[in-house]
Amino acid sequence: MAGSTYDAIVVGLGAMGSAVAAHLARRRQRVLGLDRYVVPHELGSSHGRSRVIRKAYFEDPRYVPLLHRAFDLWRDLQAESGESLLTITGVVNIGPPDHACIRGVLDSVTEHGLVHDVRAADEITARFPALRPEPGDVGVFEAEAGVLCPERCIAAHLRTARRFGAEILMPQRVTSIRSDGAGVHVATECGTYSAGHAIVAAGPWLPAMLSEGEAAAIRTPGRAWPLLVERQVQFWFEPQNALLVQPPGMPVFIHFVEERAYYGVPMLNSDGVKICRHHGGATTDVESVDRAVSTADEEDVRSYVRRYVPVADGRLLEAKVCLYTNTPDAHFVIGSLPGQEQVLVVSACSGHGFKFSAVVGEMVADLVMDGRTRFEVGMFSPGRFD
Ligand SMILES: Cc1cc2nc3c(=O)[nH]c(=O)nc-3n(C[C@H](O)[C@H](O)[C@H](O)COP(=O)(O)OP(=O)(O)OC[C@H]3O[C@@H](n4cnc5c(N)ncnc54)[C@H](O)[C@@H]3O)c2cc1C
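Residues numbered from 1 in each chain as written. Predicted model: local features only at pLDDT ≥ 70, side-chain atom pairs only at ≥ 80, totals over all residues. Heavy atoms only, no water.

Digging into the domain arrangement of the chain
Reasoning step 1: With domains assigned, the chain is organised as domain 1 (5-46 + 151-224 + 329-385) and domain 2 (88-147 + 228-326).
Reasoning step 2: Placing the centre of domain 1 and that of domain 2 at their C-alpha centroids yields a distance of 30 Å.
Reasoning step 3: Domain 1 puts 14 residues into the contact, and the matching count from domain 2 is 13 residues.
Reasoning step 4: Here domain 1 meets domain 2 over a buried area of about 1000 Å², counting both sides, of which 52% is carbon and sulfur.
Reasoning step 5: Ranking the residues of domain 1 by area buried against domain 2 places Glu42, Pro204 and Ser350 at the top, with a combined share of 37%. (Domains from an automatic or database assignment. Contact = heavy atoms within 4.5 Å. Buried area = accessible area lost by both parts, 1.4 Å probe.)

Quick look at the side chain of glutamine 342
Reasoning step 1: Relative to the helices and strands, glutamine 342 resides in strand β20 (residues 340-347).
Reasoning step 2: Residues contacting glutamine 342, with those up to four places away along its chain left out, are Ser179, Gly181, Ala182, Gly183, Val184, Gly196, His197 and Ala198. (Helix = DSSP H or I, 4+ residues; strand = E, 2+ residues; numbered from the N terminus.)

Regarding the nonpolar core
Reasoning step 1: In this structure, Tyr63, Trp74, Ile199, Ile334, Phe356 and Val364 are the most contacted members of the largest nonpolar core, which totals 74 residues.
Reasoning step 2: Of the residues that make up this core, three or more belong to each of domain 1 (5-46 + 151-224 + 329-385) and domain 2 (88-147 + 228-326).
Reasoning step 3: Counting 57 residues, the second-largest nonpolar core is a separate cluster that includes Leu131, Ile177, Tyr193 and Val305. (Core = buried A, V, L, I, M, F, W, Y, C linked by side-chain atoms within 4.5 Å. Buried < 20%, exposed > 50% of the residue type's maximum accessible area, 1.4 Å probe, protein only.)

What about the environment of isoleucine 254?
Reasoning step 1: When you line up the elements, isoleucine 254 lands in strand β14 (residues 252-257).
Reasoning step 2: For isoleucine 254, a relative accessible area of 7% gives the class buried.
Reasoning step 3: The sequence separation of isoleucine 254 and alanine 70 amounts to 184 residues, and the corresponding C-alpha distance is 20 Å.

Concerning the site of the ligand
Reasoning step 1: The environment of the ligand is made up of 36 residues, and the closest members are Asp35, Ser46, Arg51, Val52 and Cys322.
Reasoning step 2: One of the backbone N or O atoms of alanine 15 is found 3.2 Å from an oxygen atom in the ligand.
Reasoning step 3: Within the backbone of serine 45, a nitrogen or oxygen atom sits 2.9 Å from an oxygen atom of the ligand.
Reasoning step 4: Within the complex, the protein chains bury 97% of what would otherwise be the 1000 Å² of accessible surface of the ligand.
Reasoning step 5: Across the shell around the ligand, the residue classes break down as 18 nonpolar, 13 polar and 5 charged.
Reasoning step 6: Inspection of the shell around the ligand shows a minimum of three residues originating in each of domain 1 (5-46 + 151-224 + 329-385) and domain 2 (88-147 + 228-326). (Near = heavy atom within 4 Å. Polar contact = N/O pair within 3.5 Å; in protein donor to acceptor, adjacent residues only side chain to side chain. Areas by Shrake-Rupley, 256 points an atom, 1.4 Å probe, with all protein chains shown as cover. Nonpolar A, V, L, I, M, F, W, Y, C, P; charged D, E, K, R; others polar.)

A look at helix α1 (residues 15-26)
Reasoning step 1: Here α1 spans 17 Å end to end across 12 residues, near enough to the 16 Å set by a 1.5 Å rise per residue.
Reasoning step 2: Most of α1 sits inside the fold, with 11 of its 12 residues counted as buried.
Reasoning step 3: Where α1 is concerned, the buried positions are Ala15, Met16, Gly17, Ser18, Ala19, Val20, Ala21, Ala22, His23, Leu24 and Ala25.
Reasoning step 4: Directly after α1, the chain includes arginine 28, whose backbone phi takes a positive value near 65°. (Expected span 1.5 Å × (residues − 1).)

Notes on the sheet that holds strand β3 (residues 51-53)
Reasoning step 1: The strand order across the open sheet built from 3 strands is β3-β8-β4, with neighbouring strands paired in antiparallel fashion. Every other strand in the sheet has two partners, leaving β3 and β4 (86-88) as the edge strands with one partner each. Neighbour-to-neighbour, the strand axes of this sheet turn through a mean angle of 30°, independent of strand direction.
Reasoning step 2: Both β4 and strand β8 (residues 146-148) contribute to a ladder of 3 bridges, which runs antiparallel. Considered in β8, the bridge of threonine 87 is made with valine 147.
Reasoning step 3: Packing against the sheet, helix α2 (residues 64-81) makes contact with β3, β4 and β8, and its axis sits at approximately 120° to β4. (Pairing = 2+ DSSP bridges. Axes fitted to C-alpha atoms, helices over the stretch in contact; angles between N-to-C directions.)

Considering the packing of aromatic side chains
Here the distance between the centres and the angle between the planes together describe a pair of aromatic rings.
Reasoning step 1: This structure, assessed with the given rule, holds 16 aromatic pairs.
Reasoning step 2: Ring geometry for phenylalanine 128 and phenylalanine 141: centres 5.4 Å apart, planes at 50°, overall tilted. Taken together, the positions of phenylalanine 128 in the loop between α4 (121-127) and β7 (138-142) and phenylalanine 141 in strand β7 put the pair 13 residues apart, joining distant regions of the chain. Phenylalanine 141 matches phenylalanine 128 in its accessibility class, with the two residues each being buried.
Reasoning step 3: Each member of the aromatic cluster is reached from another via a ring pair, and the members are Tyr57, Tyr63, Phe332, Phe356 and Phe380.
Reasoning step 4: One residue, arginine 49, lies across the ring of tryptophan 236, its end atom 4.7 Å from the ring centre.
Reasoning step 5: The ring of phenylalanine 71 is capped by lysine 55, whose NZ or CZ atom sits 5.0 Å from the centre of that ring. (Phe/Tyr/Trp six-rings, centres within 6.5 Å; stacked < 30°, edge-to-face > 60°. Lys NZ or Arg CZ within 6 Å of the ring centre and 35° of its normal.)

This is the structure:
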């Protein structure tokens, strides 16, 4: 209700916001959740029916403790929701042994004692016949990894939030967020709401909300936020032999080929095989992004498929544009805005955030309620761009 006071208002109810709302509501906070659309939807960063979750983390070993907790939380949410959210398929990271990302995977498994095995290229093909790496490649295989279904995860978090009393209003677009020491005031097209804290989880809309332009909703005078939105395309191909592209015959793969990275998700239902390029997309913004998929988009990925996963080189079944929000160091942005303690930003996941959203929900609930958390958050500080 406009005019009511809440403990926390969550702005944006995609991957991050839905998890934050669920964790705060579960801890008996009075929560209002607002989204400009009805989630889950296909305009942001969280659609496409699969998101990879793995612990052998090439990005940085500091993420591994968060991943241990994330797996537990996803399993709890799955049990609570009675729906299939997490599918264990195994994940293999493939590339030259001296590639920085393969070295990064090995750093994480060594530092954290993760169960894995390392295979030569011919052993990868012998075990997973759909995959044809370069002869010099190695594969680091993690059996206890897999995929989450993002739309179902978001819906499950929102159901939990509602069950614990959160008010969820969609569609309702937030136009301004102001804090005055006593509280935070969040204005939408329908009214103004007040709370102790606002948590802004606006995904690819965040750069515009923090800008000085027309879409600006939060004032951060004198600050330039180095956040860039990147266009990505997800493709689903019809396999020539369905038996070869289903787990356990095919795991999720991430393949580092020279300067590029491609990943694939095995066929889990009638969807076909999902194969995409990771990064390499045009810089854009959420309003003007080209949501049509071109033949050039397809050719980029299909030329990879033809050479390295030829059994998936069938009819294009579906293609969807999605958005990354990147920071310069590829770490997320989680924490209070400098000088605005009551406004927390939870966003800019740089193309690898979905798997963490459950643990980010817990982490942000800690920060809002206790001002600290047992998880590593320093690397995500909004102040690090100063
Ligand atoms: C193609 C692709 C593949 C990916 N693969 C993986 C993967 O395999 N594993 C992984 O872990 N991660 C992956 N990611 C990254 C992950 O999906 C994202 O990091 C995550 O979904 C981002 O969630 P979010 O909550 O920040 O944004 P979103 O889920 O987009 O949510 C933002 C929400 O804010 C709302 N909003 C915006 N402005 C306003 C406003 N003014 N008022 C109210 N509401 C507003 C929007 O409507 C939206 O619902 C991938 C991303 C893409 C695009």
